[in-house]
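What follows is each chain in one-letter form.
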Amino acid sequence: MEFNPIQIVPELYQLLLIVALFCQCLGDGSETPPAERWLPYFAGFGVFVNIVSWGAEGLLFAGAYKLDALSQFFKLAIAAGFYVAVLNAARQPSLEERKRPDYFMFLALSAWGLMLLSSAVELITIYIALEISSYSLYAVIPLRNTGGKGDPRAAEAGIKYILFGAVATAVALYGFSYILASQHTSYIAQLAKANWTWAAQPMAVVGLSLFMGGMFFKLALFPFHFWCPDVYQGASNETAGFAATLPKLGATVVLIRLAVLLKPGLEITMLLAVLGALSMTFGNLCALAQKDVKRLLGFSSVAHAGYIMVGLVSGTAMGLAAAAFYSLAYVAMNLLCFWVVSRVASDGRNLQLDDLNGLYKRSPALAFALGVGAFALVGLPPTMGFMGKLFLIAPAWEHYWWLVVVMVLNSAIAIFYYLSLVRHAYTHEASEDAPVPDNSPFSVCGAGILAAVVLLFGVLPGGLLDYAVMAGKQLLP
């Protein structure tokens, strides 16, 4: 079809923000307002731009870029997540003033890469978009200043993220070569017509498994999870909040598109189910032993990656819709938790569980928001986490009932460490060296709005789920 720039207004608007931030990086910043003052307004307007472009459809760039309900769903979620991440990072105490324009430019560039990933339906396009989103994070994760000098934990986190990212990239490219050699195409629409059984196409099955490894890295799915807790712990609280949320959306949308190649009973589908079971079990068991809040949330991320697999292996439009809904719920729940962590650790420290002691006295609003986030991550009603897990169960039960049982058991295990956050906040007394929370109206209102979103879509999930189901039916009629 003929190219129409209006169809990709969200991507063009995000690119305009990147250019503006790049221009500010070139100067010394003395003649322009700081990025953290003007960027939140324009990032918020970006959410409106995505809403205005809602419903755009078509194939662009020789069929490699697709605008459909699924891409619009995830682009809006990415724009909203970027807006919250910018607001959260606007008061980052561990970031040098002169590095702030560069920091926000790389965050915007990563979000732009994730938007491209949402519409990419050709494997090389997917790979390039994945690298755009990843390289930006390679640059921002080490940016953490503690006591007037660089933090060695952040440098270690950056090195680990780069090394694991390079390995995942190599694995994905190696898998792509197998797919291209065996199927002679890199377009998902044509790959969906191929036979993906091991007996008929062993090379293609191996290639697809390896290519998905690149997405598993972003999703922190076992065994591609090793970077996750270390990077969360080493990066600043605000950077960890971004890295823990938005990249999961990009990985999930690609896996949903690739899931149309799979059917229940195939060897590769069983592989995804087994990895999902291992991921949720390993992540939850490791999280039980954590005292650092961000490491706890890191292993929690590994477990939630396994939950998303439950929807992907179902082979139904409802299963894909449930995976999309749960990924959005996961982002909302974690943005809420990291917002509270960033506001409680107003000096930029890494929070330990004991640092939450007595939070209900020091900041009742933040303690309540933390409770909502913890209940949602457990999957208790009336939160998005509960509805998300409920939607995942039904589509997968017919073919992978054992995976549903594993998910339910792991949700029970997770109750202990998630509710320990609430237990420390409400039943322990604070020590003298406890951090002083940021109780400004900005911090309290932000926590309240995010908690309201988590509760609202837990009580009224219908509209969001209906749109996700429509997007799933477009992929699997």
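These numbers come from a predicted model, not from an experiment.

Q: So what's going on with the overall build of the protein? Residues and values would help.
A: Counting secondary structure elements, the protein contains 20 helices and four strands. Here the protein has a C-alpha radius of gyration of 21 Å; the compact-globule value for 477 residues is 23 Å, and the two agree. Taking the principal axes of its C-alpha atoms as reference, the protein extends roughly 65 × 55 × 40 Å. Each of the 477 residues in the protein was classed as buried or not, and the buried ones make up 61%. Across the protein, every contact between residues at least 6 apart in sequence was considered, and the portion connecting residues at least 24 apart equals 80%. When the accessible surface of the protein is totalled, it reaches about 17,600 Å², and 70% of it is carbon and sulfur. Here the protein holds 26 positive side-chain charges and 27 negative ones, and the gap between their average locations is 4 Å.

Q: An account of helix H14 (residues 317-344) is needed here, citing residue identities and associated values.
A: A rise of 1.5 Å per residue sets the reference length of H14, with its 28 residues, at 40 Å; its end C-alpha atoms lie 41 Å apart and thus fit the reference within 8%. Across the 28 residues that make up H14, a large majority, 27, are buried.

Q: I'd like a description of the packing of aromatic side chains, backed by residues and values.
A: Tallied over the full model, the rule gives 22 aromatic pairs. Centre to centre, the rings of Trp227 and Tyr232 are 6.3 Å apart; their planes meet at 80°, and the pair counts as edge-to-face. Accessibility expressed as a relative area gives 0% for Tyr232, which makes it buried. Site record: aromatic cluster; members linked through ring pairs are Tyr135, Tyr138, Tyr161, Phe217, Trp227, Tyr232 and Phe338.

Q: Before we move on, can you summarise the side chain of Lys248 with the specific residues and values?
A: Relative to the helices and strands, Lys248 is located in helix H11 (residues 246-258). Lacking a salt bridge, the buried Lys248 has Asp230 as its closest oppositely charged neighbour, with an N-O distance of 14 Å. Leave out the neighbours within four places in its chain, and Lys248 touches Lys218, Leu219, Ala220, Trp227, Tyr232, Ala243, Ser301 and Tyr330.

Q: A description of the packing of helix H4 (residues 100-119) against H11 should follow, citing residues and the corresponding values.
A: It is at 9 Å that the axes of H4 and H11 come closest, and there the two elements cross at 15°. By the angle between their axes, H4 is roughly parallel relative to H11. Crossing angle aside, the handedness with which H4 passes H11 is left-handed. Side by side, H4 and H11 meet where Ala111, Leu114, Leu117, Ser118 and Ser119 of the first sit next to Leu246, Pro247, Gly250, Ala251, Val253, Val254 and Arg257 of the second. Of the residues that constitute the contact of H4 with H11, the class distribution is eight nonpolar, three polar and one charged.

How each quantity is defined
- Residues numbered from 1 in each chain as written.
- Predicted model: local features only at pLDDT ≥ 70, side-chain atom pairs only at ≥ 80, totals over all residues.
- Heavy atoms only, no water.
- Helix = DSSP H or I, 4+ residues; strand = E, 2+ residues; numbered from the N terminus.
- Rg over C-alpha atoms; globule rule 2.2 N^0.38 Å.
- Buried < 20%, exposed > 50% of the residue type's maximum accessible area, 1.4 Å probe, protein only.
- Contact = heavy atoms within 4.5 Å.
- Areas by Shrake-Rupley, 256 points an atom, 1.4 Å probe, with all protein chains shown as cover.
- Lys, Arg positive; Asp, Glu negative; His and termini not counted.
- Charge placed at Lys NZ, Arg CZ, Asp CG, Glu CD.
- Expected span 1.5 Å × (residues − 1).
- Phe/Tyr/Trp six-rings, centres within 6.5 Å; stacked < 30°, edge-to-face > 60°.
- Salt bridge = Lys/Arg side-chain N within 4 Å of Asp/Glu carboxyl O.
- Axes fitted to C-alpha atoms, helices over the stretch in contact; angles between N-to-C directions.
- Parallel < 35°, antiparallel > 145°, perpendicular 65-115°, else oblique.
- Left-handed = near helix turned anticlockwise from the far one by under 90°.
- Nonpolar A, V, L, I, M, F, W, Y, C, P; charged D, E, K, R; others polar.

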